[in-house]
Amino acid sequence: MKVWNVRSKFAMGLLVAAIAGSASAASLKTAISPVGSDPGLGLKEALVNAYSSSFAGYIGVSGDLSTTLTLTFASNQIDFVRVVDVDDTSAVGSGGPLLLKSGPGAADDDYWKDGTVKARVEAKIAGLGHDLLINDGSSDTTIFAGATPGQSTTQLLGPNFSWALETTAGKRFSSDPLLNKDGIDHMVTFEVIGLSSLKTWVIAWEDLPAYSSDTDYNDLVVQVSIVPLPAAVWAGLSLLSGLGVARRMRRA
Ligand SMILES: [Ca+2]
Ligand SMILES: [Ca+2]
Ligand SMILES: [Ca+2]
C-alpha cells in the first residue's frame, strides 16, 4: 500500500537520524603517492584543482594523506578526513556500510547506505573516459555516463550499494576490492569538513589495473552531498503519518 511505503521510508529516515552520531574517521596509514605517466600529479593536486574555483584565492596546501588533508583557501579551511579502507591492515573499519547521512563511524568505504545526494564530478585527470555507477548487489544504476567535470545529478542512493567505475579501456572497478580482478582498492574516500553545512564526501578513483596503475587516485573525483528534505516534504510526511494513526484508530 502506497501510504505505508512512504511511511516506512519516513520511519527509516527517523531511525537513521537517531543513529546519527559523531563522525570520527580513522586515518589510513597507506600514503598514496603518484608515479608513472598518467596525467596529473596526485590526489592532493586533484582536490586543489577541484575545489579552488569555489574560493576567492588559493593560498596553500598542508597536511598529509595519511591523516587529514587540509586545504586553505583565503580564510576558508577545508579538512578532508580520510575514511578507512577495509583492506588496510591498520584500518578499524567494520566492513559495514557507510551511512551517507551520519558515517563513517566504524564503517569503511566499500559499501554505502541511505541518502538522497547531489553528486558532482569535480575533477577528471586521466586519459580514459569513465562511467560511474552504483550497484545494489544485483543491478547497476548509472550515476554519470561519460563523466565530465561540472556534471551534476541528484539521486536517491541506497540501501546498501557499492560504487563502480567503468572505463573506456573496458575495465570495471568496484569500491569493494574483493570484486576487482586485480584485488586492489580503486576508490578512496574523504569526508569534507568546512566546505558546506551539508554532510559531504568526496570519492576519488584510480582507473588503471594494478599491473599498470600509477595509483594517483585522481582519475575521477566526485563530490557527494546529502540533500536535506524540504520542509514541505516533512509536512506532507507528518500528514500521512497522522492519516495512518486515524486509520488504525478506526480499525480498533
Ligand atoms: Ca576504498
Ligand atoms: Ca591513475
Ligand atoms: Ca590520473
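Here we summarise the structure given alongside this text. (Residues numbered from 1 in each chain as written. Chains lettered and ligands numbered in written order. Predicted model: local features only at pLDDT ≥ 70, side-chain atom pairs only at ≥ 80, totals over all residues.)

## Quick notes on the overall build of the protein chain
Along the backbone of the protein chain there are 3 helices and 14 strands. Considering only residue pairs separated by 6 or more positions, the protein chain has 60% of its internal contacts joining residues 24 or more positions apart. (Helix = DSSP H or I, 4+ residues; strand = E, 2+ residues; numbered from the N terminus. Contact = placed C-beta atoms within 7 Å.)

## A word on the nonpolar core
Core analysis: the biggest nonpolar cluster contains 49 residues, and Leu47, Val202, Ile203, Ala204, Val221 and Val222 have the highest contact counts within it. Once residues lying within four places of it in the same chain are set aside, the contact partners of valine 221 are Ala46, Leu47, Ala50, Glu122, Ala123, Val202 and Ala204. (Core = buried A, V, L, I, M, F, W, Y, C linked by C-beta atoms within 7 Å. Buried ≥ 20, exposed ≤ 12 C-beta atoms within 10 Å, placed from the backbone.)

## Notes on the sheet that holds strand 7 (residues 130-135)
Taken together, the 4 strands give an open sheet; going across it, the order is 8-7-10-11, and neighbouring strands pair in antiparallel fashion. Every interior strand has two partners, whereas the edge strands, strand 8 (140-144) and strand 11 (172-174), have only one. Between one strand and the next, the sheet's axes are offset by a mean angle of 30°, whatever the strand orientation. As paired strands, strand 10 (residues 162-167) and strand 11 are joined by 3 bridges and run antiparallel to one another. Residue leucine 165 lies in a different strand from strand 11, and its bridge partner there is phenylalanine 173. (Pairing = 2+ DSSP bridges. Axes fitted to C-alpha atoms, helices over the stretch in contact; angles between N-to-C directions.)

## Section: the environment of aspartate 182
Relative to the assigned elements, aspartate 182 resides in the loop between strand 11 and strand 12 (187-193). Residue aspartate 182 is classed as partly exposed on the basis of its 15 C-beta neighbours within 10 Å. Considering only alpha carbons, one finds aspartate 182 and proline 209, 27 residues apart in sequence, at a separation of 6.4 Å. Filtering out sequence-adjacent residues up to four positions away, aspartate 182 remains in contact with Pro209 and Ala210.

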